[in-house]
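# Observations on the three-dimensional arrangement
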Amino acid sequence: MKFTDIFINRPVLATVISLVILLLGLRAGFDLTVREFPELQNAQINISVAYPGADAELMQGFVTTPLEREIATADGIDFLSSSTGQGVATISANLRLDKDPNAALTEISAKVNKLRNQMPQGSEDPVVEIAEGRGTSAMYLSFYSQVLNESQITDYLNRVVEPQLAAIRGVEKARILGARTYAMRLWLRPDRLVAHGMTASEVLARVREQNVLSAVGEAKGNFVRIGVSARTDLRTEEEFRNLVVGSDGEDLVRLGDVARVELGSETYDYGAGWDGDPAIFIGINVRPEANVLDVIGQVREIWPGILAGLPQGVEGEIGYDSTIYIRDAIAEVRATLLEAVLIVVLVIFLFLGSMRSSMIPAVTVPLSLIGALLLMLVLGFTINLLTLLAMVLAIGMVVDDAIIVLENIHRHIEEGMTPHDAAIQGARELVGPVIAMTLTLMAVYAPIGFMGGLVGILFTMLIGVFVGAAAGYVAGWTDRVLMRLADLFLSLPGLFLVLGIRA
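The structure presented is a predicted model; accordingly, all values stated were derived computationally and were not measured. (Residues numbered from 1 in each chain as written. Predicted model: local features only at pLDDT ≥ 70, side-chain atom pairs only at ≥ 80, totals over all residues. Heavy atoms only, no water.)

### Section: the overall build of the protein
Where we set the bar: Helix numbering and strand numbering both begin at the N terminus, where a helix is a DSSP run of H or I of at least 4 residues and a strand a DSSP run of E of at least 2. Relative accessible area decides the class of each residue, using a 1.4 Å probe on protein chains only: under 20% of the type maximum gives buried, over 50% gives exposed, and in between gives partly exposed. Note on definitions: a residue-residue contact is assigned when non-hydrogen atoms from the two residues lie within 4.5 Å.
Scanning the protein for helices and strands turns up 17 helices and 15 strands. Split into buried and exposed, the 503 residues of the protein put 42% on the buried side. Long-range pairs, those at least 24 residues apart, make up 74% of the contacts in the protein with a sequence separation of at least 6.

### Describing the nonpolar core
What counts, and what does not: The set of buried Ala, Val, Leu, Ile, Met, Phe, Trp, Tyr and Cys residues whose side-chain atoms join them within 4.5 Å is what this entry labels a nonpolar core.
Of all hydrophobic cores here, the largest spans 48 residues; its most connected members are F143, L157, V161, L165, I282 and I284. At the level of secondary structure, the elements contributing two or more residues to this core comprise β5 (139-145), α5 (150-166), β6 (171-177), β14 (277-286), α10 (292-308), α11 (322-352), α12 (355-378) and α13 (385-398). Residues in contact with L165, not counting those within four places in the same chain, are L141, V171, A174, I282, I284, V299, I302 and I306. Listed in part, the 21 residues of the second largest apolar core include I45, I47, V63 and M119.

### Some details on the side chain of R180
As a reminder of what qualifies: Charged residues are defined narrowly, with Lys and Arg counted positive, Asp and Glu counted negative, and His plus the chain ends left uncounted. By definition, a salt bridge exists where a carboxyl oxygen of Asp or Glu is found within 4 Å of a side-chain nitrogen of Lys or Arg.
Its location among the elements puts R180 in the loop between β6 and β7 (182-188). Buried and unpaired, R180 has no salt bridge, with E150 as the nearest side chain of opposite charge at 4.5 Å.

### Some words on the pattern of salt bridges
Taken as a whole and judged by the stated rule, the model has eleven salt bridges. As a salt-bridge pair, E262 and R260 come within 3.2 Å of each other at their nearest N and O atoms. R260 gets classed as partly exposed once you look at its relative accessible area, which sits at 37%. Taking the shortest distance from any N to any O, the salt bridge between R300 and D321 comes out at 2.8 Å. In this pair, R300 is assigned in helix α10 and D321 in strand β15 (residues 314-321), connecting sequence segments 21 residues apart.

### Topic: the packing of aromatic side chains
Going by this rule: Two rings belonging to Phe, Tyr or Trp (six-membered ring only in the last case) form a pair when the distance between their centres is within 6.5 Å. Interplanar angles under 30 degrees mark stacking, angles over 60 mark edge-to-face geometry, and anything in between is tilted.
Enumeration according to the criterion identifies four aromatic pairs in this entry. Seen in terms of ring centroids, W274 and F281 are 6.2 Å apart; in terms of plane orientation they differ by 65°. Their pairing is edge-to-face. Of the two residues examined, W274 and F281, each falls in the buried class.

### So, a negative patch on the surface
The condition that has to hold: To count toward a patch, a residue needs a relative accessible area over 30% and no salt bridge; like charges are then connected within 9 Å, while nonpolar side chains (Val, Leu, Ile, Met, Phe, Trp, Tyr) are connected within 5 Å. Using a 1.4 Å probe, the Shrake-Rupley method yields the accessible areas, and only the shown protein chains count as cover for residues. Note that the charge is assigned to NZ on lysines, CZ on arginines, CG on aspartates and CD on glutamates.
On the surface, a cluster of negative charge is made up of D275, D277, E315 and E317. Of note, D277 is situated in strand β14. Residue classification places D277 among the partly exposed positions, given a relative accessible area of 32%.

### Quick notes on the packing of helix α3 (residues 56-71) against helix α4 (residues 101-114)
How we decide: Think of each axis as a best-fit line through the C-alpha atoms, taken over the contacting stretch in the case of a helix, with angles from 0 to 180 degrees between the N-to-C directions. Orientation categories follow fixed angle ranges, with anything under 35 degrees roughly parallel, anything over 145 roughly antiparallel, 65 to 115 roughly perpendicular, and all other angles oblique. We call a crossing left-handed when the near helix sits turned anticlockwise from the far one by less than a right angle, and right-handed when that turn is clockwise. Think of it as three bins: nonpolar holds Ala, Val, Leu, Ile, Met, Phe, Trp, Tyr, Cys and Pro, charged holds Asp, Glu, Lys and Arg, and polar takes everything else, Gly as well.
Contact geometry for α3 and α4: axes closest at 9 Å, N-to-C directions at 140°. Here α4 runs oblique to α3, going by the angle between their axes. Seen from above, α3 lies across α4 with right-handed handedness. On α4, the residues that touch L67, E70 and I71 of α3 are I108, K111, V112 and K114. For the contact of α3 with α4, the per-class residue count stands at four nonpolar, no polar and three charged.

### Focus: the pairing of strand β1 (residues 43-50)
Look at any regular strand and the pattern is simple: side chains alternate between the two faces of the sheet. Condition: By this definition, two strands are paired if DSSP reports at least two bridges between them.
For β1, a buried count of six out of eight residues is recorded, marking the element as mostly surrounded by other parts of the structure. Direction of pairing for β1 relative to strand β3 (residues 88-95): antiparallel, over a ladder of seven bridges. Bridging from a neighbouring strand, S48 pairs with T90 of β3.

### Considerations on the packing of α5 against α10
Remark: α5 packs on α10, axes separated minimally by 11 Å, with the N-to-C direction vectors making an angle of 160°. When the interaxial angle is binned, α5 and α10 end up roughly antiparallel. You can see that α5 and α10 cross each other, and the crossing is right-handed. Each of V161, Q164 and L165 in α5 lies in contact with α10, whose residues at this interface are V299, I302 and I306. Classifying every residue of the contact of α5 with α10 by side-chain character gives five nonpolar, one polar and no charged.

### Looking at the confidence of the model for the protein
Heads up, the condition is: Confidence per residue, as judged by the predictor, is encoded in pLDDT with a range of 0 to 100.
Averaged over all residues, the pLDDT of the protein equals 78, while 83% of them reach at least 70. Below pLDDT 50 for its whole length, residues 471-503 participates in 102 contacts with residues either more than four positions away or in separate chains.

### Considerations on the environment of G170
Along the chain, G170 turns up in the loop between α5 and β6. For the pair G170 and D294, spaced 124 residues apart in the sequence, the C-alpha separation amounts to 8.5 Å. Each residue touching G170, except ones within four places of it in the same chain, is listed here: N285, V286, R287, A290 and V295.

### Remarks on α5
Let me state the cut-off plainly: Bend at a residue means the angle formed by two fitted axes: the first through the 7 residues ending at that position, the second through the 7 residues beginning there. Any pair of N or O atoms that falls within 3.5 Å is considered a polar contact. Within protein, one atom must be able to donate a hydrogen and the other to accept it, and sequence-neighbouring residues count only if both atoms are side-chain atoms.
Where α5 bends most, at L157, the angle is about 45°. For α5, the set of buried residues is S151, I153, T154, Y156, L157, V161 and L165. Of the surrounding elements, those touching the buried residues of α5 are β5, β6, β7, β12 (259-265), β14 and α10. Measuring from the side-chain oxygen of the N-cap residue of α5 to the backbone nitrogen of S151 gives 3.2 Å; that N-cap residue is N149.

### Digging into a nonpolar patch on the surface
Among the surface-exposed residues, I343, L346, V347, F349, L350, F351, M355 and M359 lie close enough to one another that they form a single nonpolar patch of about 820 Å² accessible area. For the nonpolar patch, the secondary-structure elements that each account for two or more residues are α11 and α12. Inspection of the secondary structure assignment puts L346 in helix α11.

### Observations regarding α3
Remark: the principal bend of α3, roughly 35°, maps to T64, with a proline, P66, within the next four residues. Every buried residue belonging to α3 is among M59, V63, T64, T65, L67, E70 and I71, and all of these are buried. Buried positions along α3 lie against β1, β2 (77-85), β3 and α4. The N-cap of α3, judged by a side-chain oxygen 3.2 Å from the amide nitrogen of E57 a few residues on, is D55.

If you want it as structure tokens, here you go:
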């Protein structure tokens, strides 16, 4: 007696196994992350150094080049890219797909800190941060106004809107793009400096000395303790203008004598616009492990509240939403899956002329696909265009196994056997060939899973789901719907093969 006889003679066992696979697959489907493309560890480490007042040539020779040489010795870097401008240098280390981003961040940070004492005096400490390799956020929100300027909009977004978005579960970062952060701008006048015999560095040193934040402490008595505070910083334009930066004989030289002071933005080197008008954007970056559809859905839920709380004269719009394209693409693949199942059922009905026989793949195909969801969850896959494509391929290329078994059983019935005996005999005759056909099909695609790089990882995910779903199709041993789940045992070779590929 072959093991296929067990499921034919014990339909209750087959039914229980079917329900177990169905429930586990459905549960796994709710836990799987939905993405447009597979999750890839294409992280990059960004190192930025600011040196106010330094030209691009100085930055390149004394900041960018030494850092590049040291960072290049770190393990796991695929390639480096850098950009040097007036007073700022940025280096991006793109990591290999198999490199742990956290380990790379630690190693690169140590190498950057080793060069800190060799940086030019006056340069700021390097900032090292990790980011996802892609440069596009999942959603962009635009804010613009005909009444308020960009600095006022930026101030409101920093204080009110950005904290709300960053608090959403699954949001990695809410980046403010085109920001015009408030800053006190000091425009030095060279002719005035020469007239008073002063230099720009001297003025900067006086400003730093007199514009500080100090902690005075507290005063204590036997029964009283009072906190003491002192206002030692400057806050208004007039206070900065009256700041003493030097002396010219008997006269004091104030900052307003040698510079034009105004409250403006930290930088005017870049800007953003919406429909031709100046605007400020917020980019929503989603964590790699989060479901982008759920995260963006939560952003849309709080969006009406954000619009209602905007200051008078400020308007907001959703400029870009990547989930629109993700939903449309996944909907198209789902429609293809449904069409494939219907075509298979129709073809079997046309050739066998039996509605009962046509219902067997109608149950087997969805059950095998749902069971593959559990395998996807175990292997760390996500629901994306490639994994859904693998299911489409499995339907089109492997469902012929079920058709072959059905035709063989139908042949025995036409020769005079009872349906039960025909199922026993037909399954025994084809159990070996069907398994061999499935393993052969797996062996054809399996070598692609050993490829390296981005292509190898993408095809590994594609093959993993394809093999998991394909192995489930080798069922179809009887003409009874309740005896379909012999594919649980026939899926084990495919499961071991996929585990081998992923390892």
